[in-house]
Every structure is written in structure tokens, then in C-alpha cells.
Amino acid sequence: MATPTKFDRQGVLDVAADLADEHGLANLTLAMLASEVGMRSQSLYAHVDGIEGLRDGLALRGQAMLADRLRDAVMAKTGPDALRSVVRALADFAGTHPGLYEASLRSPHDSPELREANERTVAPLTAVLESFGLDGDDLTHHYRVIWSSVHGFVTLRHAGLLSWEASPDESFELLVEMFVGEMQRYADAAPGAPT
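Residues numbered from 1 in each chain as written. Predicted model: local features only at pLDDT ≥ 70, side-chain atom pairs only at ≥ 80, totals over all residues. Heavy atoms only, no water.

## Quick notes on unusual backbone geometry
Keep in mind that most residues, glycine aside, have a negative phi and that most peptide bonds are trans.
Thought 1: The phi dihedral of alanine 76 falls on the positive side, at around 65 degrees, and the residue is not glycine.
Thought 2: Among the secondary structure elements, alanine 76 is positioned in the loop between helix H3 (50–74) and helix H4 (79–96).
Thought 3: Among the residues examined, alanine 76 registers a relative accessible area of 84% and is labelled exposed.
Thought 4: Positive phi outside glycine occurs at histidine 109, with the angle close to 45 degrees.
Thought 5: Structurally, histidine 109 is set in the loop between helix H5 (98–104) and helix H6 (112–131).
Thought 6: Judged by its relative accessible area of 61%, histidine 109 is exposed. (Helix = DSSP H or I, 4+ residues; strand = E, 2+ residues; numbered from the N terminus. Buried < 20%, exposed > 50% of the residue type's maximum accessible area, 1.4 Å probe, protein only.)

In C-alpha cells:
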């Protein structure tokens with residue numbers, strides 16, 4: 001057991017986030033966390049409400065970090081450059097923080113905090129898609145296709161399943177350019193687009 005240290009809620013979540021990234025969210029237990037911070041499992045309840053409370057805390061942490069990364073990625077960019085940047089930022093976060101990224105994939109249910117965090121997380125990509133003229137169901141469909149494609153790619157890569165000789169980085173850039181091409185076609189076909 002680690003040497004006992006005074007931890008507050010944020011400190012406990014910092015350690016939990018590192019453990020989730022290193023060992024996987026599914027393998028993160030209160031016992032593991034307690035051992036790492038040098039306290040008994042029961043003492044963690046002063047900081048988190050059990051394993052579900054810990055996962056809620058990690059979801060909020062992951063969504064806040066991801067929202068900041070995505071917002072920063074699109075700052076002062078427009079059109080294809082903004083789309084490339086936000087998609088790469090999403091993949092980079094998921095690849096760099098796999099456990100925290102997985103924790104961020106939590107439905108808000110009836111949690112106003114998680115709902116607000118989720119809205120901040122989806123805002124940058126939503127704004128980029130709107131800049132190409134998407135709205136309503138078209139925006140929803142394109143958002144889902146991009147997000148689920150990136151999620152699938154980084155998940156497969158993390159699992160070591162993109163093992164053919166061709167570079168996964170090049171495959172990912174092909175995926176990004178497919179998104180850009182689709183958005184350009186959509187924008188070019190919109191009413192009032194230059195001909």
C-alpha cells in the first residue's frame with residue numbers, strides 16, 4: 001500500500017483517471033484506487049459515492065477535458081481545416097487517455113451536470129458541421145457517422161487490431177479526408193452555393 005497522503009476529491013479523481021488509462025476503466029476498482037492513494041476502500045466514500053459515483057466523476061472529468069481539447073482544436077479555424085482539426089483532436093484524446101475517454105461515454109440520464117458536460121463536448125463538432133450548412137436530421141446523422149467512425153477506429157487501434165502492414169496513421173488520414181470530401185460535397189450542393 002502506498003504511503004498515506006491527504007487527498008481531496010480532485011486528487012482522488014486524478015489518480016483514478018491515471019489508473020483507468022493505464023489498466024482500463026473496466027479494471028478500475030475501489031480497492032485498486034484505495035491502495036494507490038494509501039487509504040482504506042471505505043475511506044474513499046468521503047470523496048466518491050462508490051464505484052458509480054467514481055465513474056460519474058470520471059465521466060465529468062473526461063468530458064470536460066475532451067470539450068476543452070475540441071474547442072481549442074477549432075479555435076480560429078474554419079471549413080475543412082476546422083473539421084480536420086476537431087476530428088484529429090477527438091482521436092488523439094481517445095488514444096492518449098483511453099480509460100478517461102471510455103469513462104466519458106456515459107449517458108447523462110437525469111444528471112444535469114453530465115447533461116451540461118455532454119453539451120459542451122458535442123458543441124465544437126456540431127458548430128463545424130453547421131458551418132458546412134448542416135442542420136436538423138442531416139446534422140445529427142453526419143455527427144453520428146463521424147463520431148462513431150472515429151470511435152471505432154481508435155478502439156480497434158487501441159486493441160491492436162489494425163495490424164496489417166499499411167500505416168494506421170495513413171488509414172486515419174484517409175478517413176479524415178473522406179469526412180472533408182463529404183462535407184465539401186454537401187456544402188457545394190446547398191441552395192445558394194456558388195456554381
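## Thoughts on a nonpolar patch on the surface
Thought 1: A grouping of Leu156, Leu161 and Leu162 is seen on the molecular surface, where their side chains present a nonpolar patch of about 250 Å² in accessible area.
Thought 2: As for its position among the elements, leucine 161 is in the loop between helix H7 (136–158) and helix H8 (168–189). (Patch = residues over 30% accessible without salt bridge, like charges linked within 9 Å, V, L, I, M, F, W, Y side chains within 5 Å. Areas by Shrake-Rupley, 256 points an atom, 1.4 Å probe, with all protein chains shown as cover. Salt bridge = Lys/Arg side-chain N within 4 Å of Asp/Glu carboxyl O.)

## Some thoughts on a negative patch on the surface
Thought 1: A contiguous patch of negative charge on the surface is contributed by Glu130, Asp135, Asp137 and Asp138.
Thought 2: Summarising the element assignment, aspartate 138 is placed in helix H7.
Thought 3: The exposure class of aspartate 138 is partly exposed, given its relative accessible area of 32%. (Lys, Arg positive; Asp, Glu negative; His and termini not counted. Charge placed at Lys NZ, Arg CZ, Asp CG, Glu CD.)

## A closer look at H8
Thought 1: The end-to-end C-alpha distance of H8 is 32 Å, a good match for the 32 Å that 22 residues give at a rise of 1.5 Å each.
Thought 2: The N-cap residue of H8 is serine 167: its side-chain oxygen and the backbone nitrogen of aspartate 169 are 3.1 Å apart. (Expected span 1.5 Å × (residues − 1). Polar contact = N/O pair within 3.5 Å; in protein donor to acceptor, adjacent residues only side chain to side chain.)

## A word on the layout of surface pockets
Thought 1: When its volume is computed, the largest pocket comes out at roughly 390 Å³.
Thought 2: Lining the largest pocket we find 21 residues, and of these Asn118, Thr121, Val122, Tyr143 and Trp147 sit closest to its centre.
Thought 3: At the level of elements, H3, H4, H5, H6 and H7 are the ones that each hand at least two residues to the lining of the largest pocket.
Thought 4: At six residues, H7 tops the list of elements feeding residues into the lining of the largest pocket.
Thought 5: Of the residues that constitute the lining of the largest pocket, the class distribution is 13 nonpolar, six polar and two charged.
Thought 6: Its boundaries defined by the atoms lining it, the second largest pocket holds a volume of some 230 Å³.
Thought 7: Around the second largest pocket, the lining comprises 15 residues; the ones closest to its centre are Pro98, Gly99, Tyr101, Glu102 and His158.
Thought 8: Within the residue set of the lining of the second largest pocket, elements represented by two or more residues are helix H1 (9–23), H5 and H7. (1 Å grid on protein atoms, 1.4 Å probe; cavity = no way out; pocket = protein on both sides within 12 Å on 5 of 7 lines; lining within 4 Å. Points joined across faces, edges and corners; volume = space filled by probe spheres on them. Nonpolar A, V, L, I, M, F, W, Y, C, P; charged D, E, K, R; others polar.)

## Remarks on the pattern of salt bridges
Thought 1: Within the structure shown, the criterion is met by 11 salt bridges.
Thought 2: Notably, a salt bridge pairs aspartate 68 with arginine 71, separated by 3.2 Å at the nearest N-O pair. Taken together, the residues aspartate 68 and arginine 71, both in helix H3 and three residues apart, mark about one turn of the helix.
Thought 3: Taking relative accessible area as the criterion, arginine 71 reaches 37% and is therefore assigned partly exposed.
Thought 4: A salt bridge links aspartate 72 to arginine 71; the nearest nitrogen and oxygen atoms lie 2.9 Å apart.
Thought 5: According to the relative accessible area criterion, aspartate 72 is partly exposed, its value standing at 44%.
Thought 6: Here the salt bridges share partners, and the residues they tie into one network are Asp68, Arg71, Asp72 and Arg120.

## Description of helix H2 (residues 30–37)
Thought 1: Turning to H2, its buried residues are Leu30, Leu33, Ala34 and Val37. Buried residues of H2, viewed axially, fall in a sector of 100 degrees; they line one side.
Thought 2: Looking at the buried side of H2, the elements it contacts are H1 and H3.
Thought 3: Glycine 38 occupies a position one or two residues after H2 and carries a positive phi of about 75 degrees. (Arc of directions from axis to C-beta. Contact = heavy atoms within 4.5 Å.)

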